[in-house]
Amino acid sequence: MIHLGRLRALREVSDRGTLAAAAEALHLTPSAVSQQIAALEREVGQRLLEPDGRTVRLTAVGRL
């Protein structure tokens, strides 16, 4: 079962474009958000984010 907090972290990163902005919105540290995303990627067995210059964006799998 996928943890809801991890999905929230992914949504915020997607909406805001950076781990730091997502962390601020979630009242977490960027490291905590990164750990949430990494755990979610391990659960689904796929990369969900990819770097895009100074921001990140969802991969095709992340958009699904």
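In what follows, the structure referred to is the one given above.
J.: Tell me about the overall build of the protein chain, and name the residues and values.
T.: Counting its secondary structure elements, the protein chain contains 4 helices and 2 strands. Counting helices and strands in the order they occur from the N terminus, the protein chain gives α-α-α-β-β-α. Scaling as 2.2 N^0.38, a compact globule of 64 residues should have a C-alpha radius of gyration of about 11 Å, and the protein chain matches this with 11 Å. The principal-axis extent of the C-alpha atoms belonging to the protein chain is close to 25 × 25 × 15 Å. Looking at the 64 residues of the protein chain, the share that counts as buried comes to 27%. Long-range pairs, those at least 24 residues apart, make up 42% of the contacts in the protein chain between residues at least 6 apart in sequence. About 4,400 Å² of surface is accessible on the protein chain, with carbon and sulfur atoms providing 52% of the total. Positive and negative charge centroids in the protein chain, built from 9 and 7 side chains respectively, lie 2 Å apart.

Reading the values: rules and limits
Residue positions are given per chain, counted from 1 along the sequence in the order it is written. It should be noted that, the model being predicted, local features are given only for residues of pLDDT at least 70 and side-chain atom pairs only at 80 or more, the latter also being counted only at that level, while totals for whole chains, interfaces and linings use all residues. For the side-chain quantities, the full set of heavy atoms in the structure was used; hydrogens and water were omitted. Under the DSSP-based scheme used, a helix requires at least four consecutive residues in state H or I and a strand at least two consecutive residues in state E, with every element numbered from the N terminus. In this treatment the radius of gyration is a C-alpha quantity, and the globule benchmark scales as 2.2 Å times the residue count to the 0.38 power. We call a residue buried when its accessible area falls under 20% of the maximum for its residue type, exposed when it is over 50%, and partly exposed in between, using a 1.4 Å probe and counting protein chains only. A contact between two residues is defined here by any heavy atoms of the two lying within 4.5 Å. Only the protein chains shown count as cover for residues, with accessible areas throughout obtained via the Shrake-Rupley method and a probe of 1.4 Å. His is not counted, nor are the chain ends; Lys and Arg add positive charge and Asp and Glu add negative charge. Where a charge sits is defined by one atom per residue type, namely NZ (Lys), CZ (Arg), CG (Asp) or CD (Glu).

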